Amino acid sequence: MSIHSRHWRRQALFLMLGLSLLLGGSLITYQIMDRENAVKVDPHDQNQVEHGQRVYDQLCAFCHGKELEGQPDWRIRKPNGKLPAPPHDGSGHTWHHSDDTLFGIIKHGLVPPYAPEDYQSDMPAWGDSLTDEDIWAVLTFIKSRWPEEMQKIQEDINVRAQRQSR
Ligand code: HEC
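A few points on the structure. In this text the structure is predicted, and so the values were computed from the model without any measurement. (Residues numbered from 1 in each chain as written. Predicted model: local features only at pLDDT ≥ 70, side-chain atom pairs only at ≥ 80, totals over all residues.)

**A closer look at helix 2 (residues 46–64)**
Taking 1.5 Å per residue as the helical rise, helix 2 with its 19 residues ought to reach 27 Å, whereas the 22 Å between its terminal C-alpha atoms falls clearly short. Remark: the principal bend of helix 2, roughly 55°, maps to D57. Every buried residue of helix 2 is accounted for by Q48, V49, G52, V55, Y56, C60 and H64. The elements touched by buried residues of helix 2 are helix 4 (132–144). Positioned one or two residues after helix 2, G65 has a phi angle of 95°, which is positive. (Helix = DSSP H or I, 4+ residues; strand = E, 2+ residues; numbered from the N terminus. Expected span 1.5 Å × (residues − 1). Bend = angle between axes of the 7 residues up to and from the residue. Buried ≥ 20, exposed ≤ 12 C-beta atoms within 10 Å, placed from the backbone. Contact = placed C-beta atoms within 7 Å.)

**Section: the environment of V159**
Inspection of the secondary structure assignment puts V159 in helix 5 (residues 148–165). Since 12 C-beta atoms lie within 10 Å of it, V159 is described here as exposed. Spatially, the C-alpha atom of V159 lies 10.0 Å from that of D99, the residues being 60 residues apart in sequence.

Here it is as structure tokens:
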């Protein structure tokens with residue numbers, strides 16, 4: 001075997017090694033990221049659901065309803081042009097959004113990218129009064145009240161949203 005081909009073989013070996021390290025590394029990151037999201041919002045985690053229910057009863061039920069039923073005629077704008085509070089149970093459209101979008105709306109309110117610039121809304125931003133854990137918990141509580149079928153559909157919306165953000 002010539003010196004040249006031995007040299008080439010060693011380079012190929014290093015290249016393969018590098019590639020497999022890269023692949024293994026990104027697989028591990030991918031799994032950790034998936035797991036992190038699962039911990040953030042797990043509707044079967046009873047502690048998180050109870051934490052979220054306390055937040056909801058104190059701060060959200062006033063507008064979104066004790067049973068998450070929303071305000072009457074929530075699809076019709078009020079005389080001042082603003083929308084009433086929508087339900088958060090399966091009859092509303094909360095479950096049409098990804099976890100990250102819902103988290104952003106609760107934390108920042110209906111500002112871009114969640115609503116047009118200067119959008120007028122009664123939905124407050126909660127970022128100053130709630131921690132991120134509180135916000136994930138209240139979202140978990142809301143999700144725990146959706147029928148299983150809707151939880152599954154929303155899970156697909158999450159996967160799609162995550163793929164787009166990568
Ligand atoms: C003062 C009344 C009020 C309170 C209190 C309130 N909201 Fe809202 N919320 C609204 C209104 C009104 C909207 C619809 C706004 C719009 O579309 O203009 C809304 C919309 C939302 C949306 C978007 C739903 C969707 O499908 O687009 C989420 C999520 C939400 N609220 C969560 C919460 C959470 C969680 C709390 C408690 C921490 C809370 N809200 C407290 C009035 C309120």
